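# Summary of the model geometry
Read off the chains here:
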Amino acid sequence: MKLTTIATLGLMLGAAAASAGEGAHWGYSGTEGPEHWGDLDPHFNRCKTGRMQTPVDLVNRVDASLPPIAFRYRPGGRAEVNNGHTIQVDYEDGSSIRLDGREYRLKQFHFHSPSENHIDGKEFPMEAHLVHADDEGHLAVIAVMFEEGPENLALAMPWAAMPTKPSHRVELATQVSAEALLPANRDYYRFEGSLTTPPCSEGVHWLVMKHPVSASHGQLAKFARTIGHPNNRPIQALNARVILE
């Protein structure tokens, strides 16, 4: 997927962050739920016709000896938004990953509860998506799974400042670090997929960390309570895709 305009990139990043401001109103239940997304707006058609949709259950993987992801992160999470669909931390320029010889700059990260992707049929209580874009608008998303356990220190500041009402935005007193969200072991799975929210655009590179990180029961409960409903899209068919590891 090649995007050629800043406007198009902005639309995709907004959708990747579950922005409520683009297109028809959508949600996670009832007549606005995932099974109806493709009928709510012509721009959402890919949600029902796409053959490379995300999330997926990562099974039947192929050993491809994937190279390490080159992370170049620094603290840059500067503002936190509750857009009614998720909690998102916007990231200032200066952090990136290198993938397939291309640089993808970190734009924002946000959360889903329960997890959207599954690993060998296992659902996790929460999943973070770190959204990156290159100069041509190609997207790469790093997914990190959370399991219940010790408190996650990387979540402490954004959770303390978490906006509790939709459309609220707060500036963070200290810039937070996306790198602190990553597991110590950076092994990952890779597949080609889509945005998990309307318009469900395809051509997104997905990099799912193999190893989960922990969050306390209280941290997991606070996110779920703030959003007020599960914000995960159901598992989509793999079709002809292969999961690499």
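Up top you'll find the structure we're talking about.
If you're wondering where the values come from, they're calculated on a predicted model, not measured in any experiment. (Residues numbered from 1 in each chain as written. Predicted model: local features only at pLDDT ≥ 70, side-chain atom pairs only at ≥ 80, totals over all residues. Heavy atoms only, no water.)

Quick look at the pattern of salt bridges now. In total, this model carries 13 salt bridges according to the counting rule given. A salt bridge links E171 to R169; its shortest N-O distance comes to 3.4 Å. Residue R186 is joined to E179 by a salt bridge in which the shortest nitrogen-to-oxygen separation is 3.7 Å. On the accessibility criterion, R186 (29% relative accessible area) is partly exposed. Within this structure, R61, D120, K210 and E245 form a network of salt bridges that share partners. (Salt bridge = Lys/Arg side-chain N within 4 Å of Asp/Glu carboxyl O. Buried < 20%, exposed > 50% of the residue type's maximum accessible area, 1.4 Å probe, protein only.)

This paragraph deals with the state of the cysteines. Taken as a whole, this structure holds one disulfide when the rule is applied. Put simply, C47 and C200 are joined by a disulfide, and their sulfur atoms are 2.1 Å apart. On the S-S bond that ties C47 to C200, the torsion sits near 90°, and the link is right-handed. Separated by 153 residues along the polypeptide, C47 in helix 3 (residues 46-49) and C200 in the loop between strand 11 (188-194) and strand 12 (202-209) bring together distant segments of the chain. (Disulfide = S-S within 2.5 Å. Helix = DSSP H or I, 4+ residues; strand = E, 2+ residues; numbered from the N terminus.)

With that settled, the discussion passes to the environment of E92. Note on placement: E92 falls in the loop between strand 4 (87-91) and strand 5 (96-99). Linking E92 and S201, residues 109 residues apart in sequence, is a C-alpha distance of 24 Å. Excluding anything up to four places from it in sequence, E92 contacts P75, G76, R78, L106 and Q175. (Contact = heavy atoms within 4.5 Å.)

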